[in-house]
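Remarks on the overall topology
So the chains spell out like this:
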Amino acid sequence: MTMRPGDIQDLRLAPGTKGLPLDGSIQTVGDLAGRGLNPLRGDLPMPVALLRRAALDNNLSVMQAYVDRAGAKLAPHAKTTMCPQLLTRQLDAGAWGLTVATMTQLKLCHDLGAPRIILANQLVGRAEIDGLARLTATAPDRPCYVLVDGVEGVRAISEGFGRAAGAPAARLLIEVGMTNGRCGVRTLQEGLALAKLVRSLPHVELHGIEGYEGLIFSQQAAQDATEVDTYLGSVLQLYELLRAESLFADANQVILTAGGSAYYDLVAHALAGRAPGAIPVLRSGCYVTHDSGFYRELLARMDDRSIAGPPPRLQPALEVWTRVISRPQPDQAIVMMGKRDVSHDIHLPMARRWFREGLHAAPRPVDGLVVEKLSDQHGFLSVPPGADLAVGDLLGFEISHPCTTFDKWSLLMEVDDDYTVVGGLKTFF
């Protein structure tokens, strides 16, 4: 099955979809285009999640250009948005493939027609292994790469692919972990032994090495960079060791992949610069919308490093808008927006824009309003003395960590520079 762009536009929206006009005029995703709806005019109930088209277009362009200049490939992580319309744009902009975390995500991206997919996780379980074997049998020209870090996993995949008629050999990447980290072999010897096991078994092939350096983070930027470089060195060491032993299925097409959204400059510099002949693949995902918190801070670190040239000039594209619903105290405002609407796992959302119909022609920058806490459906803001903020005013919030805002919305509104809705973006979490 292939998912076409038109399939999304024709999807009927479930009752209770957040942000839709309350008059029932919008029944499908495609109904949103060309209606001239604008949240600033009160056309949409609050809260509503918006994506600014100009910022999206910028991010797609500058990130792909950066990766191309670095001599790497880009397989953006689909888990950030789980939005086929955005994933298609990333592929159209030049992405080599897509990355996923689960087989459910992989199935969606496979149906979308992704030319290559990396399951950046261990493939475990009969349903998952058999499902991947069936998919690869139907489209052997669109390779899927999966991670392994132990004997049990390799043997289970070998047996599972052996049960699937017509399935090509499973394409495996050995995951390199770190002490007290997530999955992955902990030593070169473990990696070598696992590679030799893969060579000895039917229905599996070794196609590369995978790592994830994003677990390294502290307030010491220079120290973090050193630790990331050391970790990437271990990935390269295993690559060289296995290449010397001729353990890769295709010595001319070895995948070396790492790189979340925090250190992709260091990854590009290491994998593209120190592993000639390999295919370096970055898996960054959050760049598509960027943010105004965690990833903005990390982009500033990249500016300081300038290892692989200036980082891409990303712009925050995701905003959540809502209304002030109460001013119970002079120093407090309550908004209709809570944990069910915005991410709060790294930083709380930040009020950036203010709009009052009849007073403003366009949103104005706002400063001094601070989100102190969130409950399920309410946000509690501290308000500076003398602030002109009234019940009914609209506030636009930028966020930190887009992944955990996207999964709270089954539909986001794409808007132009005037905040007119130009279409709907459907997510599949």
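Before reading on, note that the structure itself is shown above.
Strand order in the open sheet made by the eight strands is S2-S9-S8-S7-S6-S5-S4-S3, with parallel pairing throughout. Here the strands that pair on one side only, and so sit at the sheet edges, are strand S2 (73-74) and strand S3 (98-100). Summarising the sheet, strand S5 (residues 144-148) and strand S6 (residues 170-176) pair through four bridges and their orientation is parallel. Of the residues in S6, the one forming a bridge with Val148 is Ile174.

The next thing to look at is the pairing of strand S9 (residues 279-282). Of the two faces of S9, the one lined by Ile279 and Val281 and the one lined by Pro280 and Leu282 are each fully buried. Bridge analysis of S2 against S9 gives two bridges, and the strand direction is parallel. If you follow Leu74 over to S9, its bridge partner there is Leu282. Pairing geometry for strand S8 (residues 255-258) and S9, over four bridges, is parallel. Pairing of Leu256 across the sheet is with Pro280, part of S9. Viewed along the sheet, the connection from S8 through helix H9 (residues 264-274) into S9 turns out right-handed.

On to the nonpolar core, then. If you look at the biggest cluster of nonpolar residues, it comprises 137 residues, and the most contacted ones within it are Ile157, Ile174, Ile209 and Leu242. In terms of residues, this core owes the most to one element, helix H8 (residues 221-244), which gives nine residues. If near-sequence neighbours (up to four positions away) are discounted, Ile157 is found in contact with Leu123, Ile129, Val146, Val148, Ala170, Leu172 and Val204. Residues Trp96, Ile118, Ala120 and Ile255 belong to the second largest nonpolar core, which totals 10 residues.

Turning our eyes to something else, we now look at the packing of helix H6 (residues 151-163) against helix H7 (residues 188-200). Where H6 meets H7, the closest approach of the two axes is 10 Å, and the angle between their N-to-C directions is 15 degrees. Here H7 runs roughly parallel to H6, going by the angle between their axes. When you trace H6 past H7, the crossing you get is right-handed. On H7, the residues that touch Val151, Val154 and Arg155 of H6 are Leu194, Leu197 and Val198. In terms of residue class, the contact of H6 with H7 is made up of five nonpolar, no polar and one charged.

Glancing now at H6. Under the 1.5 Å per step criterion, the end-to-end length of H6 is 19 Å for 13 residues, consistent within 8% with the ideal 18 Å. Among the residues of H6, Val154, Ile157, Ser158, Gly160 and Phe161 are the ones counted as buried.

Below, the discussion takes up the environment of Ala72. By the element assignment, Ala72 lies in the loop between helix H2 (53-69) and S2. When the C-alpha positions of Ala72 and Leu282 are compared, they lie 7.1 Å apart, and in sequence the two are 210 residues distant. Filtering out sequence-adjacent residues up to four positions away, Ala72 remains in contact with Val67, Pro280 and Leu282.

Now for the environment of Arg274. Mapping Arg274 onto the fold places it in helix H9. Take Arg274: its relative accessible area is 38%, and that puts it in the partly exposed class. As for Arg274 and Ala114, which are separated by 160 residues in sequence, their C-alpha atoms are 28 Å apart. Once residues within four sequence positions are removed from consideration, Arg274 is found in contact with Asp229, Gly233, Leu236, Glu240 and His269. In terms of polar contacts, Arg274 uses its side chain to reach the side chain of Asp229, at 3.3 Å.

What counts, and where the lines are drawn
- Residues numbered from 1 in each chain as written.
- Predicted model: local features only at pLDDT ≥ 70, side-chain atom pairs only at ≥ 80, totals over all residues.
- Heavy atoms only, no water.
- Pairing = 2+ DSSP bridges.
- Helix = DSSP H or I, 4+ residues; strand = E, 2+ residues; numbered from the N terminus.
- Buried < 20%, exposed > 50% of the residue type's maximum accessible area, 1.4 Å probe, protein only.
- Right-handed = clockwise from strand over helix to strand, strands pointing away.
- Core = buried A, V, L, I, M, F, W, Y, C linked by side-chain atoms within 4.5 Å.
- Contact = heavy atoms within 4.5 Å.
- Axes fitted to C-alpha atoms, helices over the stretch in contact; angles between N-to-C directions.
- Parallel < 35°, antiparallel > 145°, perpendicular 65-115°, else oblique.
- Left-handed = near helix turned anticlockwise from the far one by under 90°.
- Nonpolar A, V, L, I, M, F, W, Y, C, P; charged D, E, K, R; others polar.
- Expected span 1.5 Å × (residues − 1).
- Polar contact = N/O pair within 3.5 Å; in protein donor to acceptor, adjacent residues only side chain to side chain.

Read these as geometric descriptors, not functional statements.
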